[in-house]
Amino acid sequence: MLQEIIDTFESRYQQQPVVVRSPGRVNLIGEHTDYNDGFVLPAAINKEIYFAVAPNGTNTFRAYAYDLQEEGEFDLGQVQRSEKSWANYLLGVIAQLQQAQYEVKGFDLVYGGNVPIGAGLSSSAAVECGLAYALNHIFGYNIPKFDLVKMAQMAEHEYAGVKCGIMDQFASMYGRQDHAVKLDCRSLDFDYYHLEMADYRIVLCDTQVKHNLASSEYNTRRQECEAGVALLQKHYPQVKSLRDVTVPMLEQHQEEFNPVVYKRCIYVVEENNRVEEACQALEQGDMITFGEKMYASHRGLQHNYEVSCPELDFLVDQAKEMDSVLGARMMGGGFGGCTINLVKLDALDSFIQRMEEAYQQQFGIALKTYVAEIVNGSSLVEPSQG
Ligand code: GLA
(Lines give C-alpha, C1' and ligand atoms only; values in the text may rest on other atoms or scores of the structure.)
Protein backbone atom coordinates (compact mmCIF):
# COMPACT_ATOMS: atom_id res chain seq x y z
CA MET A 1 0.00 0.00 0.00
CA LEU A 2 2.73 2.44 1.01
CA GLN A 3 4.80 1.67 -2.07
CA GLU A 4 1.75 2.08 -4.30
CA ILE A 5 1.09 5.50 -2.84
CA ILE A 6 4.68 6.57 -3.44
CA ASP A 7 4.62 5.17 -6.99
CA THR A 8 1.36 6.96 -7.71
CA PHE A 9 2.84 10.20 -6.46
CA GLU A 10 5.95 9.84 -8.59
CA SER A 11 4.05 9.03 -11.74
CA ARG A 12 1.44 11.78 -11.28
CA TYR A 13 3.75 14.56 -10.17
CA GLN A 14 7.17 13.56 -11.53
CA GLN A 15 9.09 14.14 -8.33
CA GLN A 16 10.14 12.38 -5.14
CA PRO A 17 7.88 12.87 -2.14
CA VAL A 18 8.42 13.12 1.58
CA VAL A 19 6.41 10.32 3.20
CA VAL A 20 4.51 10.58 6.47
CA ARG A 21 2.35 8.04 8.27
CA SER A 22 -0.38 8.83 10.75
CA PRO A 23 -2.37 6.22 12.70
CA GLY A 24 -5.98 5.72 13.77
CA ARG A 25 -6.67 5.07 17.41
CA VAL A 26 -8.45 2.94 19.96
CA ASN A 27 -9.69 4.22 23.28
CA LEU A 28 -9.36 1.78 26.14
CA ILE A 29 -11.60 3.76 28.47
CA GLY A 30 -12.78 7.34 29.03
CA GLU A 31 -15.51 7.91 26.46
CA HIS A 32 -17.23 11.28 25.94
CA THR A 33 -15.06 12.69 28.69
CA ASP A 34 -12.61 14.68 26.56
CA TYR A 35 -14.93 17.62 25.84
CA ASN A 36 -15.87 17.62 29.54
CA ASP A 37 -12.28 18.36 30.61
CA GLY A 38 -11.93 14.77 31.82
CA PHE A 39 -9.60 11.81 31.29
CA VAL A 40 -9.13 9.51 28.31
CA LEU A 41 -6.89 6.49 27.70
CA PRO A 42 -6.35 6.06 23.96
CA ALA A 43 -3.59 4.38 21.95
CA ALA A 44 -2.52 4.65 18.30
CA ILE A 45 -3.00 1.46 16.26
CA ASN A 46 -1.61 -0.21 13.18
CA LYS A 47 -4.37 1.13 10.95
CA GLU A 48 -2.71 4.05 9.27
CA ILE A 49 -2.90 6.69 6.56
CA TYR A 50 0.17 7.39 4.42
CA PHE A 51 0.95 10.72 2.83
CA ALA A 52 3.31 11.31 -0.08
CA VAL A 53 3.80 15.04 -0.31
CA ALA A 54 6.10 17.65 -1.85
CA PRO A 55 6.03 21.38 -2.68
CA ASN A 56 5.13 22.10 -6.32
CA GLY A 57 6.30 25.69 -6.72
CA THR A 58 2.79 27.04 -7.51
CA ASN A 59 -0.07 28.45 -5.45
CA THR A 60 -2.17 25.35 -5.94
CA PHE A 61 -2.76 22.30 -3.78
CA ARG A 62 -3.23 19.17 -5.87
CA ALA A 63 -4.51 16.07 -4.10
CA TYR A 64 -5.18 12.50 -5.05
CA ALA A 65 -7.18 10.34 -2.66
CA TYR A 66 -5.76 6.92 -3.43
CA ASP A 67 -8.50 4.86 -1.78
CA LEU A 68 -11.32 6.74 -3.47
CA GLN A 69 -9.40 7.28 -6.70
CA GLU A 70 -10.53 10.88 -6.73
CA GLU A 71 -8.54 13.99 -7.38
CA GLY A 72 -8.91 17.65 -6.61
CA GLU A 73 -7.15 20.94 -7.22
CA PHE A 74 -7.53 23.85 -4.85
CA ASP A 75 -6.40 27.48 -4.99
CA LEU A 76 -4.48 28.23 -1.79
CA GLY A 77 -5.42 31.89 -2.15
CA GLN A 78 -9.06 31.08 -1.37
CA VAL A 79 -9.34 28.05 0.84
CA GLN A 80 -12.94 27.15 1.64
CA ARG A 81 -15.08 24.10 2.29
CA SER A 82 -15.39 21.83 -0.70
CA GLU A 83 -18.29 19.68 -1.88
CA LYS A 84 -15.77 16.83 -1.98
CA SER A 85 -16.16 15.68 1.59
CA TRP A 86 -12.81 13.84 1.68
CA ALA A 87 -11.03 17.10 0.81
CA ASN A 88 -12.48 18.98 3.75
CA TYR A 89 -10.27 17.21 6.29
CA LEU A 90 -7.26 18.43 4.29
CA LEU A 91 -8.55 21.91 3.52
CA GLY A 92 -9.53 22.35 7.16
CA VAL A 93 -5.91 21.84 8.21
CA ILE A 94 -4.66 24.27 5.56
CA ALA A 95 -7.19 26.86 6.74
CA GLN A 96 -5.96 26.49 10.32
CA LEU A 97 -2.36 27.02 9.27
CA GLN A 98 -3.31 30.08 7.27
CA GLN A 99 -5.35 31.50 10.15
CA ALA A 100 -2.28 31.15 12.33
CA GLN A 101 -0.33 33.15 9.71
CA TYR A 102 1.72 30.30 8.30
CA GLU A 103 2.32 30.56 4.59
CA VAL A 104 1.10 27.42 2.82
CA LYS A 105 2.79 27.28 -0.56
CA GLY A 106 1.62 25.03 -3.37
CA PHE A 107 2.07 21.30 -2.84
CA ASP A 108 1.08 17.93 -4.25
CA LEU A 109 -0.32 15.08 -2.21
CA VAL A 110 -1.25 11.45 -2.65
CA TYR A 111 -2.71 9.85 0.46
CA GLY A 112 -4.45 6.65 1.42
CA GLY A 113 -4.38 3.87 3.94
CA ASN A 114 -6.18 1.13 5.78
CA VAL A 115 -8.08 2.91 8.55
CA PRO A 116 -11.65 1.76 7.98
CA ILE A 117 -13.92 4.77 7.44
CA GLY A 118 -16.89 5.20 9.76
CA ALA A 119 -15.71 2.45 12.10
CA GLY A 120 -14.89 4.82 14.94
CA LEU A 121 -11.13 4.41 14.56
CA SER A 122 -10.61 8.09 13.78
CA SER A 123 -9.65 7.96 10.15
CA SER A 124 -10.42 11.67 9.98
CA ALA A 125 -8.04 12.52 12.81
CA ALA A 126 -5.36 10.43 11.11
CA VAL A 127 -5.85 12.44 7.92
CA GLU A 128 -5.80 15.79 9.71
CA CYS A 129 -2.80 14.98 11.87
CA GLY A 130 -0.87 13.43 9.01
CA LEU A 131 -1.28 16.44 6.77
CA ALA A 132 -0.47 18.87 9.59
CA TYR A 133 2.66 16.85 10.36
CA ALA A 134 3.68 16.66 6.70
CA LEU A 135 3.24 20.38 6.00
CA ASN A 136 5.06 21.29 9.20
CA HIS A 137 7.94 19.21 7.91
CA ILE A 138 8.11 20.25 4.26
CA PHE A 139 7.63 23.96 4.93
CA GLY A 140 9.77 24.00 8.09
CA TYR A 141 7.24 25.81 10.28
CA ASN A 142 8.57 24.27 13.50
CA ILE A 143 5.12 24.22 15.02
CA PRO A 144 5.13 22.34 18.34
CA LYS A 145 3.35 19.00 18.16
CA PHE A 146 0.61 19.98 20.56
CA ASP A 147 -0.32 22.98 18.43
CA LEU A 148 -0.59 20.67 15.43
CA VAL A 149 -3.02 18.55 17.44
CA LYS A 150 -5.17 21.58 18.20
CA MET A 151 -5.13 22.70 14.59
CA ALA A 152 -6.21 19.22 13.51
CA GLN A 153 -9.04 19.32 16.04
CA MET A 154 -10.20 22.76 14.84
CA ALA A 155 -10.11 21.49 11.25
CA GLU A 156 -12.65 18.86 12.31
CA HIS A 157 -14.84 21.49 14.01
CA GLU A 158 -14.82 23.95 11.17
CA TYR A 159 -14.58 21.83 8.03
CA ALA A 160 -16.22 18.55 9.10
CA GLY A 161 -18.81 20.12 11.40
CA VAL A 162 -18.22 17.84 14.40
CA LYS A 163 -17.37 19.59 17.65
CA CYS A 164 -15.07 16.76 18.69
CA GLY A 165 -12.87 16.78 21.75
CA ILE A 166 -9.12 16.49 21.54
CA MET A 167 -8.68 12.75 22.10
CA ASP A 168 -8.51 11.43 18.55
CA GLN A 169 -6.05 13.95 17.18
CA PHE A 170 -3.95 13.73 20.35
CA ALA A 171 -3.78 9.92 20.11
CA SER A 172 -2.87 9.96 16.43
CA MET A 173 0.00 12.37 17.05
CA TYR A 174 1.22 11.25 20.48
CA GLY A 175 0.74 7.48 20.36
CA ARG A 176 3.62 5.33 21.57
CA GLN A 177 4.34 1.72 20.69
CA ASP A 178 3.00 -0.75 23.31
CA HIS A 179 1.62 2.09 25.44
CA ALA A 180 -1.71 3.69 26.13
CA VAL A 181 -1.63 7.37 26.94
CA LYS A 182 -3.72 8.87 29.70
CA LEU A 183 -4.53 12.44 28.85
CA ASP A 184 -5.92 14.95 31.28
CA CYS A 185 -8.02 16.96 28.85
CA ARG A 186 -8.03 19.97 31.16
CA SER A 187 -4.35 20.44 31.98
CA LEU A 188 -3.26 18.54 28.84
CA ASP A 189 -0.75 16.65 30.98
CA PHE A 190 -0.29 13.10 29.83
CA ASP A 191 1.32 9.86 31.01
CA TYR A 192 2.17 6.73 29.09
CA TYR A 193 1.14 3.37 30.51
CA HIS A 194 2.89 0.28 29.28
CA LEU A 195 0.42 -2.33 28.07
CA GLU A 196 1.58 -5.75 29.11
CA MET A 197 0.09 -7.67 26.20
CA ALA A 198 2.03 -10.96 26.32
CA ASP A 199 -1.16 -12.86 27.19
CA TYR A 200 -3.83 -10.59 25.71
CA ARG A 201 -4.90 -8.96 22.50
CA ILE A 202 -7.02 -5.91 21.77
CA VAL A 203 -9.66 -7.03 19.30
CA LEU A 204 -11.99 -4.63 17.55
CA CYS A 205 -15.37 -5.92 16.39
CA ASP A 206 -16.72 -3.68 13.68
CA THR A 207 -20.52 -3.64 13.56
CA GLN A 208 -20.39 -2.32 9.99
CA VAL A 209 -23.16 0.08 10.91
CA LYS A 210 -23.09 3.83 11.37
CA HIS A 211 -26.46 5.22 12.35
CA ASN A 212 -26.69 8.65 10.84
CA LEU A 213 -27.68 10.44 14.01
CA ALA A 214 -24.10 10.03 15.17
CA SER A 215 -22.84 13.56 14.60
CA SER A 216 -26.04 15.42 15.53
CA GLU A 217 -26.41 13.38 18.73
CA TYR A 218 -22.75 14.04 19.51
CA ASN A 219 -23.32 17.76 19.46
CA THR A 220 -26.53 17.31 21.52
CA ARG A 221 -24.59 15.41 24.19
CA ARG A 222 -22.19 18.30 24.48
CA GLN A 223 -25.08 20.70 25.04
CA GLU A 224 -26.66 18.43 27.65
CA CYS A 225 -23.40 18.36 29.58
CA GLU A 226 -23.16 22.13 29.40
CA ALA A 227 -26.73 22.41 30.71
CA GLY A 228 -25.74 20.24 33.68
CA VAL A 229 -22.74 22.44 34.39
CA ALA A 230 -24.87 25.60 34.21
CA LEU A 231 -27.30 24.18 36.76
CA LEU A 232 -24.58 23.13 39.19
CA GLN A 233 -22.80 26.46 38.90
CA LYS A 234 -25.70 28.09 40.73
CA HIS A 235 -24.80 26.03 43.79
CA TYR A 236 -21.08 25.61 43.20
CA PRO A 237 -19.65 28.69 41.47
CA GLN A 238 -16.24 27.00 41.22
CA VAL A 239 -17.58 24.35 38.82
CA LYS A 240 -16.23 25.01 35.33
CA SER A 241 -16.99 21.65 33.77
CA LEU A 242 -18.15 18.15 34.73
CA ARG A 243 -14.57 17.47 35.72
CA ASP A 244 -15.21 19.51 38.85
CA VAL A 245 -18.33 17.56 39.79
CA THR A 246 -18.68 14.58 42.14
CA VAL A 247 -21.45 12.02 42.43
CA PRO A 248 -22.65 13.42 45.82
CA MET A 249 -22.91 16.91 44.29
CA LEU A 250 -25.16 15.52 41.59
CA GLU A 251 -27.24 13.44 43.99
CA GLN A 252 -27.84 16.38 46.24
CA HIS A 253 -29.46 18.37 43.44
CA GLN A 254 -31.00 15.55 41.46
CA GLU A 255 -34.58 16.82 41.67
CA GLU A 256 -33.60 20.13 40.04
CA PHE A 257 -32.30 18.36 36.96
CA ASN A 258 -34.03 17.44 33.79
CA PRO A 259 -33.76 13.62 34.13
CA VAL A 260 -31.99 13.22 30.79
CA VAL A 261 -29.36 15.82 31.66
CA TYR A 262 -28.90 14.13 35.03
CA LYS A 263 -28.15 10.79 33.38
CA ARG A 264 -25.62 12.38 31.04
CA CYS A 265 -23.83 14.06 33.94
CA ILE A 266 -23.72 11.02 36.20
CA TYR A 267 -22.24 9.00 33.36
CA VAL A 268 -19.43 11.48 32.73
CA VAL A 269 -18.53 11.86 36.40
CA GLU A 270 -18.45 8.09 36.89
CA GLU A 271 -16.48 7.53 33.70
CA ASN A 272 -13.76 9.92 34.84
CA ASN A 273 -13.49 7.93 38.07
CA ARG A 274 -13.30 4.72 36.05
CA VAL A 275 -10.37 6.00 34.00
CA GLU A 276 -8.43 6.72 37.17
CA GLU A 277 -9.27 3.29 38.59
CA ALA A 278 -8.44 1.56 35.31
CA CYS A 279 -5.03 3.26 35.24
CA GLN A 280 -4.32 2.13 38.77
CA ALA A 281 -5.24 -1.40 37.71
CA LEU A 282 -2.83 -1.14 34.78
CA GLU A 283 -0.05 -0.04 37.10
CA GLN A 284 -0.67 -3.12 39.22
CA GLY A 285 -0.87 -5.39 36.18
CA ASP A 286 -4.44 -6.20 37.20
CA MET A 287 -6.09 -6.79 33.86
CA ILE A 288 -9.15 -8.40 35.44
CA THR A 289 -10.10 -5.16 37.18
CA PHE A 290 -9.24 -3.23 34.05
CA GLY A 291 -11.66 -5.37 32.06
CA GLU A 292 -14.42 -4.88 34.63
CA LYS A 293 -14.07 -1.12 34.22
CA MET A 294 -14.51 -1.55 30.48
CA TYR A 295 -17.81 -3.39 30.95
CA ALA A 296 -18.97 -0.75 33.44
CA SER A 297 -18.10 1.97 30.94
CA HIS A 298 -20.25 0.26 28.34
CA ARG A 299 -23.24 0.01 30.66
CA GLY A 300 -22.97 3.72 31.39
CA LEU A 301 -22.77 4.57 27.71
CA GLN A 302 -25.72 2.27 27.00
CA HIS A 303 -28.12 3.31 29.75
CA ASN A 304 -27.11 6.78 30.92
CA TYR A 305 -25.29 8.48 28.07
CA GLU A 306 -27.42 6.61 25.52
CA VAL A 307 -24.98 6.60 22.63
CA SER A 308 -24.92 2.85 22.04
CA CYS A 309 -27.12 0.87 19.62
CA PRO A 310 -28.49 -2.68 19.44
CA GLU A 311 -25.54 -3.94 17.38
CA LEU A 312 -22.95 -2.67 19.88
CA ASP A 313 -24.94 -3.92 22.87
CA PHE A 314 -25.28 -7.34 21.29
CA LEU A 315 -21.52 -7.62 20.73
CA VAL A 316 -20.73 -6.60 24.30
CA ASP A 317 -23.33 -9.03 25.69
CA GLN A 318 -21.83 -11.85 23.62
CA ALA A 319 -18.32 -11.02 24.79
CA LYS A 320 -19.45 -10.91 28.41
CA GLU A 321 -20.49 -14.56 28.19
CA MET A 322 -16.99 -15.69 27.28
CA ASP A 323 -14.42 -16.37 29.99
CA SER A 324 -11.70 -15.52 27.52
CA VAL A 325 -12.80 -11.87 27.38
CA LEU A 326 -11.68 -9.63 30.23
CA GLY A 327 -13.59 -6.56 29.12
CA ALA A 328 -15.56 -5.15 26.23
CA ARG A 329 -17.22 -1.84 25.43
CA MET A 330 -18.39 0.33 22.61
CA MET A 331 -15.72 2.75 21.51
CA GLY A 332 -15.71 6.32 20.23
CA GLY A 333 -18.70 8.52 19.53
CA GLY A 334 -21.20 5.63 19.39
CA PHE A 335 -24.28 4.69 17.31
CA GLY A 336 -22.19 2.15 15.43
CA GLY A 337 -18.53 1.58 14.75
CA CYS A 338 -16.55 -0.88 16.84
CA THR A 339 -16.48 -2.55 20.19
CA ILE A 340 -13.08 -2.90 21.84
CA ASN A 341 -12.42 -6.24 23.51
CA LEU A 342 -9.61 -7.37 25.76
CA VAL A 343 -9.19 -11.04 24.86
CA LYS A 344 -6.91 -13.79 26.16
CA LEU A 345 -4.38 -14.67 23.49
CA ASP A 346 -4.88 -18.41 23.76
CA ALA A 347 -8.58 -17.99 22.91
CA LEU A 348 -8.17 -15.41 20.18
CA ASP A 349 -9.29 -17.54 17.23
CA SER A 350 -12.30 -19.02 18.97
CA PHE A 351 -13.36 -15.56 20.17
CA ILE A 352 -13.29 -14.19 16.65
CA GLN A 353 -15.11 -17.17 15.24
CA ARG A 354 -17.86 -17.10 17.85
CA MET A 355 -18.41 -13.38 17.50
CA GLU A 356 -18.62 -13.61 13.72
CA GLU A 357 -21.13 -16.44 13.87
CA ALA A 358 -23.30 -14.80 16.48
CA TYR A 359 -23.37 -11.45 14.71
CA GLN A 360 -24.17 -13.01 11.36
CA GLN A 361 -26.99 -14.98 12.89
CA GLN A 362 -28.46 -12.02 14.76
CA PHE A 363 -28.17 -9.24 12.20
CA GLY A 364 -27.31 -10.98 8.93
CA ILE A 365 -24.18 -8.81 8.71
CA ALA A 366 -20.63 -10.08 8.30
CA LEU A 367 -18.72 -8.82 11.34
CA LYS A 368 -15.27 -7.48 10.65
CA THR A 369 -12.62 -7.95 13.30
CA TYR A 370 -9.21 -6.37 13.70
CA VAL A 371 -6.47 -7.35 16.11
CA ALA A 372 -5.00 -3.99 17.01
CA GLU A 373 -1.30 -3.50 17.56
CA ILE A 374 -0.25 -0.40 19.44
CA VAL A 375 2.12 1.79 17.43
CA ASN A 376 3.82 5.19 17.48
CA GLY A 377 2.02 8.40 16.56
CA SER A 378 2.47 10.39 13.32
CA SER A 379 5.99 10.22 11.95
CA LEU A 380 8.15 10.46 8.87
CA VAL A 381 8.65 7.25 6.94
CA GLU A 382 12.31 6.89 6.05
CA PRO A 383 12.99 6.10 2.38
CA SER A 384 14.22 2.56 3.13
CA GLN A 385 10.83 1.72 4.61
CA GLY A 386 9.12 2.66 1.36
C1 GLA B 1 -15.31 11.02 19.00
C2 GLA B 1 -14.66 12.38 19.19
C3 GLA B 1 -13.73 12.38 20.40
C4 GLA B 1 -14.43 11.84 21.62
C5 GLA B 1 -15.15 10.54 21.31
C6 GLA B 1 -16.00 10.06 22.46
O7 GLA B 1 -14.35 10.06 18.67
O8 GLA B 1 -13.94 12.75 18.04
O9 GLA B 1 -13.23 13.67 20.63
O10 GLA B 1 -15.31 12.80 22.16
O11 GLA B 1 -15.99 10.64 20.16
O12 GLA B 1 -15.21 9.74 23.54
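Residues numbered from 1 in each chain as written. Predicted model: local features only at pLDDT ≥ 70, side-chain atom pairs only at ≥ 80, totals over all residues. Heavy atoms only, no water.

Student: How would you summarise the packing of aromatic side chains if you had to cite specific residues and measurements?
Tutor: All told, the structure shown has 19 aromatic pairs when counted by the stated rule. For the pair Phe139 and Tyr141, a centre-to-centre distance of 5.9 Å together with 40 degrees between the ring planes defines the contact as tilted. The aromatic ring of Phe39 is capped on one face by Lys182, whose charged end is 4.7 Å from the ring centroid. The cationic tip of Lys320 hangs over the ring face of Tyr295; the distance from NZ or CZ to the ring centre is 5.0 Å. (Phe/Tyr/Trp six-rings, centres within 6.5 Å; stacked < 30°, edge-to-face > 60°. Lys NZ or Arg CZ within 6 Å of the ring centre and 35° of its normal.)

Student: Report on the domain arrangement of the protein, specifying residues and quantitative values.
Tutor: Here the protein is described as being made up of domain 1 (1-195 + 375-380) and domain 2 (200-372). A C-alpha centroid distance of 26 Å is found between domain 1 and domain 2. Counting residues at the interface gives 36 residues for domain 1 and 44 residues for domain 2. Taken together, both faces of the contact between domain 1 and domain 2 bury some 3200 Å²; the carbon and sulfur share is 63%. If you sort the residues of domain 1 by the area they bury against domain 2, Ile29, Glu31 and His32 come out on top, with a joint share of 20%. Connecting domain 1 to domain 2 are 4 salt bridges. Salt-bridge contacts for Asp184 lead to Arg243; the nearest nitrogen and oxygen are separated by 2.8 Å. Counting across the domain 1 and domain 2 interface gives 20 residue pairs in polar contact (both at pLDDT 80 or more). Elements represented by at least two residues in the side of domain 1 that touches domain 2 include exactly β1 (18-27), β2 (39-40), β3 (42-55) and β7 (179-184). (Domains from an automatic or database assignment. Contact = heavy atoms within 4.5 Å. Buried area = accessible area lost by both parts, 1.4 Å probe. Salt bridge = Lys/Arg side-chain N within 4 Å of Asp/Glu carboxyl O. Polar contact = N/O pair within 3.5 Å; in protein donor to acceptor, adjacent residues only side chain to side chain. Helix = DSSP H or I, 4+ residues; strand = E, 2+ residues; numbered from the N terminus.)

Student: Residues and numbers for the site of the ligand, please.
Tutor: Residues in contact with the ligand, as listed here, are Arg25, Glu31, His32, Asp34, Tyr35, Cys164, Gly165, Met167, Asp168, Tyr218, Gly332 and Gly333. Asp34 is positioned with one of its side-chain polar atoms (N or O) 2.6 Å from an oxygen atom of the ligand. In the model, an oxygen atom of the ligand is placed 3.4 Å from a nitrogen or oxygen of the Gly333 main chain. Contact with the protein chains removes 92% of the 310 Å² of surface that the ligand exposes when unbound. Taken together, the residues that form the shell around the ligand break down as 4 nonpolar, 4 polar and 4 charged. Counting contributing residues per domain, the shell around the ligand is built from domain 1 (1-195 + 375-380) and domain 2 (200-372), each supplying no fewer than three. (Near = heavy atom within 4 Å. Areas by Shrake-Rupley, 256 points an atom, 1.4 Å probe, with all protein chains shown as cover. Nonpolar A, V, L, I, M, F, W, Y, C, P; charged D, E, K, R; others polar.)

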